[in-house]
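Residues per chain, in single letters:
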Amino acid sequence: METKIAEIADGIFRLSTYVADIAPPAGFVFNQFLILDEEPLLFHSGPRRMFPLVRAAMAKIMPPESLRWITFGHIEADECGAMNDWLAVAPRAEVAHGRTACFVSLNDLADRPPRVLADGEVIDIGRAKRLRYLDTPHVPHGWEAGLFYEESTGTLLCGDLFTQLGNGPALTTGDIVGPAIAGEDMFHASSLHPSSAATVRRLAELKPSRLALMHGPSFAGDGAAALQALAEDYDRRVGNI
């Protein structure tokens, strides 16, 4: 395996590892996002077994020991499995997440106490980048789920939203909704409920110009339209329409 690097927005780097053995023949990608500023932030730690690959990729951009913030969408191995490995490498690093994730899991799982974020709270990581935390319970998975919006670049860090198969380009202007619908048909991974679509429409109100997918290509374009289309599919699946 190899972890590839691509800058998908100003100062936001996609660290992508393709695994051909998952859902062959298309395979599956695992992406982390490194956001550079005075206090660099990593969204998704990656699983523990990928840590050496991801660390080596990060070292091509910045010293891993300079990492300041570690966060992710929800508690799952590919999202936070290597969390404590990063904490060991970066002595100033802190995990940051919402109240539910911290109180239910991270206060125990993380080797250092996490920073607890309120819905809408901003982590200012330097002169340019500001990351707003958004509670998204059960979207796409557990009750502790939450996402981040980088305000200066209009980038929504989507976590498992729009999950799809294959190893496409780092950044696309093409369709990400159709492949995401096909991925949901295959994996049935989303914790769908009557308010799922409303949560996604709240994200659409941000009008992001970049969507950073954990499993799939990042998207440049009308992020609000893509999120609205995903919300419509969620409504269809739970019988709201």
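Everything below is about the structure printed above this text.
Residues numbered from 1 in each chain as written. Predicted model: local features only at pLDDT ≥ 70, side-chain atom pairs only at ≥ 80, totals over all residues. Heavy atoms only, no water.

## Some remarks on the pairing of strand S3 (residues 28-35)
Turning to step 1, where the next piece is worked out: For S3, a buried count of 8 out of 8 residues is recorded, marking the element as mostly surrounded by other parts of the structure.
Turning to step 2, where the next piece is worked out: Burial along S3 is two-sided: Phe-28, Phe-30, Gln-32 and Leu-34 and Val-29, Asn-31, Phe-33 and Ile-35, pointing in opposite directions, are all buried.
Turning to step 3, where the next piece is worked out: Alignment of strand S2 (residues 12-19) against S3, held across 8 bridges, turns out to be antiparallel. Bridging from a neighbouring strand, Arg-14 pairs with Phe-33 of S3.
Turning to step 4, where the next piece is worked out: Between the end of S3 and the start of strand S4 (residues 41-43), which pair antiparallel, lie 5 residues. (Buried < 20%, exposed > 50% of the residue type's maximum accessible area, 1.4 Å probe, protein only. Helix = DSSP H or I, 4+ residues; strand = E, 2+ residues; numbered from the N terminus. Pairing = 2+ DSSP bridges.)

## As for the packing of aromatic side chains
Turning to step 1, where the next piece is worked out: Applying the stated criterion to the full structure yields 5 aromatic pairs.
Turning to step 2, where the next piece is worked out: Considering the side-chain rings of Phe-51 and Trp-86, the 4.8 Å spacing of their centres and the 80° angle between planes classify their relative orientation as edge-to-face. Taken together, the residues Phe-51 in helix H1 (residues 51-59) and Trp-86 in helix H3 (residues 83-89) connect sequence positions 35 residues apart. Residues Phe-51 and Trp-86 agree in their burial class; the two are buried. (Phe/Tyr/Trp six-rings, centres within 6.5 Å; stacked < 30°, edge-to-face > 60°.)

## Here we look at the nonpolar core
Taken as a class, soluble globular proteins show a tendency for nonpolar side chains to be buried jointly.
Turning to step 1, where the next piece is worked out: Leu-161, Phe-162 and Leu-211 are the most contacted members of the largest nonpolar core, which totals 42 residues.
Turning to step 2, where the next piece is worked out: Per-element tally for this core: the top contributor is helix H7 (residues 223-238), with 6 residues.
Turning to step 3, where the next piece is worked out: Aside from chain neighbours lying at most four places away, what touches Phe-162 is Ile-176, Val-177, Ala-180, Leu-211, Leu-213, His-215, Ala-226, Leu-227 and Leu-230.
Turning to step 4, where the next piece is worked out: Leu-15, Leu-34, Phe-72 and Val-89 belong to the second largest nonpolar core, which has 29 residues in total. (Core = buried A, V, L, I, M, F, W, Y, C linked by side-chain atoms within 4.5 Å. Contact = heavy atoms within 4.5 Å.)

## Quick word on the side chain of Lys-129
Turning to step 1, where the next piece is worked out: By the secondary structure assignment, Lys-129 is in the loop between strand S8 (122-124) and strand S9 (130-135).
Turning to step 2, where the next piece is worked out: Of the side chains with opposite charge, Asp-10 comes closest to the buried, unpaired Lys-129, at an N-O distance of 4.2 Å.
Turning to step 3, where the next piece is worked out: The residues contacting Lys-129, other than those within four sequence positions of it, are Asp-10, Gly-11, Ile-12, Ile-35, Leu-36, Asp-37, Ile-123, Asp-124, Glu-150, Ser-152 and Thr-153. (Lys, Arg positive; Asp, Glu negative; His and termini not counted. Salt bridge = Lys/Arg side-chain N within 4 Å of Asp/Glu carboxyl O.)

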